[in-house]
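Commentary on secondary and tertiary structure
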Amino acid sequence: MEQYKFIDAEGSFRIENPELTSYLYFPVAGESGVMSSVTPLLGGDSKTGQNTFLLEPVSNENLHNNKSSRNFWLKLQSGELWSATGVSSRQQMEKFTKAKEETVLEAGIMWHKVKRKSSAYGLTSEVTTFVPHTEDKVELTMITIENTGKNYITATPVAAIPIYARSADNIRDHRNVTSMLHRIITAENGVVVNPTLTFDERGHRKNAVVYGVFGRGNGRLPIGFIPVAEDFIGEGGDFENPGALHGEKIDMVPAGIQVDGFEAMGGIVFEEFTINPGERISYVVALGYGEDMDVLSKAADTYLTEEVFLKRLKETKEYWNGKVNISYESGDDRFDRWMYWVNFQPILRRIYGCSFLPHHDYGKGGRGWRDLWQDCLALLMMNPSGVREMLLSNFGGVRMDGTNATIIGKEQGEFIADRNGIARVWMDHGMWPFMTSHLYIKQSGDLDFMLEEAGYFKDAQGFRGEGSDENWVPEQGCIQKTAGGDAYRGTILEHVLLQHLTAFYDVGEHNHMRLRGADWNDALDMAPERGESVAFTAAYAGNIEEIADLLLRMKKKGKVQTVTLLKEMELLLCEGEGLYESIEEKKELLKRYCNVCGHTVSGERFEIDTEKLAENLRKKAAWLKEHIRKTEWIKNGAGLSWYNSYYDNSGKRVEGDFEKGVRMMLTGQVFAIMSGTAQEKQVEEIVKSADEYLYAPEVGGYRLNTNFEEIKADMGRMFGFAYGQKENGAVFSHMTTMYANALYKRGFVKDGYKVVKSLYSHASDVTKSKIYPGIPEYIDPKGRGVYHYLTGAASWLLMTVLTEMYGVKGEYGSLKLEPKLMAEQFDKNHEAAVHLEFAGRKLHVKYLNPLMKSYGEYEVKEVIMNGQLVAGKGALIGKEYFVSCKVRRENDIVVVLR
Ligand code: G1P
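Please read all numbers here as calculations on a predicted model, not as lab measurements.

Calculation rules
- Residues numbered from 1 in each chain as written.
- Predicted model: local features only at pLDDT ≥ 70, side-chain atom pairs only at ≥ 80, totals over all residues.
- Heavy atoms only, no water.
- Near = heavy atom within 4 Å.
- Polar contact = N/O pair within 3.5 Å; in protein donor to acceptor, adjacent residues only side chain to side chain.
- Areas by Shrake-Rupley, 256 points an atom, 1.4 Å probe, with all protein chains shown as cover.
- Core = buried A, V, L, I, M, F, W, Y, C linked by side-chain atoms within 4.5 Å.
- Buried < 20%, exposed > 50% of the residue type's maximum accessible area, 1.4 Å probe, protein only.
- Helix = DSSP H or I, 4+ residues; strand = E, 2+ residues; numbered from the N terminus.
- Contact = heavy atoms within 4.5 Å.
- Pairing = 2+ DSSP bridges.
- UniProt positions renumbered as here; feature names shortened; annotations may be inferred.
- 1 Å grid on protein atoms, 1.4 Å probe; cavity = no way out; pocket = protein on both sides within 12 Å on 5 of 7 lines; lining within 4 Å.
- Points joined across faces, edges and corners; volume = space filled by probe spheres on them.
- Nonpolar A, V, L, I, M, F, W, Y, C, P; charged D, E, K, R; others polar.

Describing the site of the ligand
In the vicinity of the ligand lie 13 residues, with Asp-371, Trp-520, Glu-727, Glu-777 and Thr-791 positioned nearest. At 2.6 Å from an oxygen atom of the ligand is found a main-chain nitrogen or oxygen belonging to Trp-520. Separating an oxygen atom of the ligand from a side-chain N or O atom of Thr-791 is a distance of 2.7 Å. Protein contact buries 94% of the 380 Å² of open area that the ligand shows by itself.

Structure (structure tokens):
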């Protein structure tokens, strides 16, 4: 298998014989809601949501199992059939023989092209697919056929795309019955399916969506249609060997026909063509979604010429490339191009949610709370405008008990009550909003953000998932009210404090925060009673300390002398070693607080001096960290040390030496390092232990855990997964990347670089990872990258490379340049550069490293902006300077390292 090659600076790539790698899929989508996946053989699917799949939904195994695809046939004069997309029984058979047709795939952000050459027939096809970025709900494919042989060719082309036109639920829930709902109509330019009703989990409803497949050849209308799947395959045939195309004449129907109650087929027959050697002919096929058959057929028609297709394709490429406004030029071109895809991935997750690509065959679109906040990390680096509003409205999902709504609606800031009574609480959820908001504040200097107000979420769930508010009924709405009946609003600072302070008291038997439904690791879901997450206790501690620092900064800037908070929260600010050490007292206090906020809140406030509050928080953070240091530092028989990450539902420590081997988990290390809980010397020891027990370069680097060799039913479903899969010990990119981030933050640059490099080297080597460019969710035990594209790892890698590796970051609105690049990352000219946007301005930051020193050996000596020296030693371009007129829309910054 050959490596892919990048063919431009925007990450477009080229790979030969793509169909000889299994499970490959590629995303093409638009802002209109059309979400497609395309395989090298034009398989995959297309939908606008869980209940509106135009093409039959596919999971990873369907990618090779399904015979239905976006096929395009040529029925040659001889009667032989050739599929321009390669999906005929014969071409599939020949794939592994000398007769294999030459294929090459080229793809870039949101567009996909496969070229296929048949020497036997002297034919070449080029099949390009994309979804226009505009509001139109269409997916377009252009098929160009060229005569590359010596003789003229005469053939009849037939587009053959089965139309599923219903909910994903119906795959094995009344598949046949729902086909009876179909009303299939042939329009002038295609086949439209207008189901009468929809049967899915929402019940039986009148259908409002029409689906269609349309086409034109060289600008001309089709000559007929085969609108029913069973007519197309013929008795005994299938989509790779369709009976309808075998007869002498193709049996087709004209426009204006209606067929009721069958599986539908976008079978479109075009007029016979003859092309001489060197000549070409092109067809455009559109898959469209609409509300009205005529409107849809007309709208689709506007796309069906080569000219329009190419124009829209160009615009679409420009649109998406405009969205990726961070790019690199380093000593490793391949890394720079690969990062282009990583930078794009958070946009893909904004569109697809965590569902709707073949591996992601769960959920119904949308993202969970954790993913929502982490994707904001990337979006705020790439597109800072609009982020403030988005963050603010997301805070409306926080409940008074510090937990939050987990079902997120379609609209920004829309959260949905869980109607099934007591739902799950993920104990990590409370710490992500501050992490993201803090990054936003650092980038922008917008300290006022913390003083903005937002409402709170209310539903029946209370007492941190262990009780319910029987007085609440859905009719009251999901807004927290005061006893007087008004909607209660508090500052963002209050929301953040609430999330951290409630967690502070929510402890288990070892005085660490309870694991509850799970933490970041969704699959640690079987220790709700006695489980504790030391890992995220450290993460909360780190945040609490940073909130204290932020408060002091706000005070210094004259923003707050005192802080005003909800009266009930006074309880949460209780202090004292005695209280902190007493598990019972803490639990009791939390219970009291949850009780007073169980249904309504008083709406009254109290004031606290900012410094006093900061001091209170500092003490809490310090206690948490010290407690972890004192109780969770493991030294094993081999003399290696690291932090224990969890307690299980039997109340036992999870890591250390066990009968079946050493047990170590990465999560606890990441947050101990990131939060500053692990001391300098301890970080060194953790790195050593991780190298010993978790490092596996053959699967991309650092695994999530060692093999426990036990189905730990007192911990979580992850232990039911085979070792090396997903949360059970895979190299799980998200956590691996956070490990790198933590190491960079603490100045362990060489080690952080090793983490990024091993993951990147594996993922970008298609011969090992078997995926297109980008970062997958994890690497499976055979080295394959799986759950490609939709992963929080992308946001974290984007942020780590930009703000840590390249060290370009905001320091409360000022621009800080603190490179942590290794010597090998500089190019032949001793340069490494990044293009980005910061404070509404375009920056091109170039590091010059004339002596080719590595991190630790160089210092920033000079910073020259637009030809002017702005900072001698040091690398902070002050906010005042930065927003002054000396800064242009586009700026060149040269940083000299010596
Ligand atoms: C996925 C989920 C994420 C969760 C993680 C571990 O990770 O989206 O919320 O924390 O699994 O269970 P991702 O695919 O985003 O890397």
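Describing the nonpolar core
Trp-338 and Leu-817 are the most contacted members of the largest nonpolar core, which totals 260 residues. Of the residues forming this core, the biggest block, 13 residues, is contributed by helix α12 (residues 534-556). Aside from chain neighbours lying at most four places away, what touches Trp-338 is Tyr-4, Phe-6, Tyr-760, Ala-763, Ser-764, Pro-773, Gly-774, Ile-775 and Leu-797. Counting residues in hydrophobic clusters, the runner-up holds 17 residues, among them Val-138, Leu-140, Phe-214 and Leu-296.

Quick notes on the sheet that holds strand β42 (residues 776-779)
In spatial order, the strands read β41-β42-β43; together these three strands make up an open sheet with antiparallel pairing. Both outer strands of the open sheet, β41 (731-732) and β43 (785-788), are each paired with one neighbouring strand and no more. Relative to β43, β42 is paired through three bridges, and the arrangement is antiparallel. When the bridges of β43 are listed, Pro-776 appears paired with His-788.

Some thoughts on the UniProt feature "domain: Glycosyl hydrolase 94 catalytic" (unreviewed entry) in the protein
Feature annotation in UniProt assigns "domain: Glycosyl hydrolase 94 catalytic" (unreviewed entry) to the following positions: residues 611-804. Taken end to end, residues 611-804 is 46% helix and 14% strand, and its two terminal C-alpha atoms sit 30 Å from one another.

Section: the layout of surface pockets
In this structure, the second largest pocket encloses a volume near 830 Å³. Around the second largest pocket sit 35 residues that line it, and His-438, Lys-442, Glu-546, Lys-745 and Glu-804 are the ones nearest its centre. Residue assignment for the lining of the second largest pocket shows that the elements contributing at least two residues are α8 (369-382), α10 (432-444), α12, α16 (666-674), α18 (733-745), α21 (792-805) and β44 (808-811). A class-by-class count of the residues in the lining of the second largest pocket yields eleven nonpolar, eleven polar and 13 charged.

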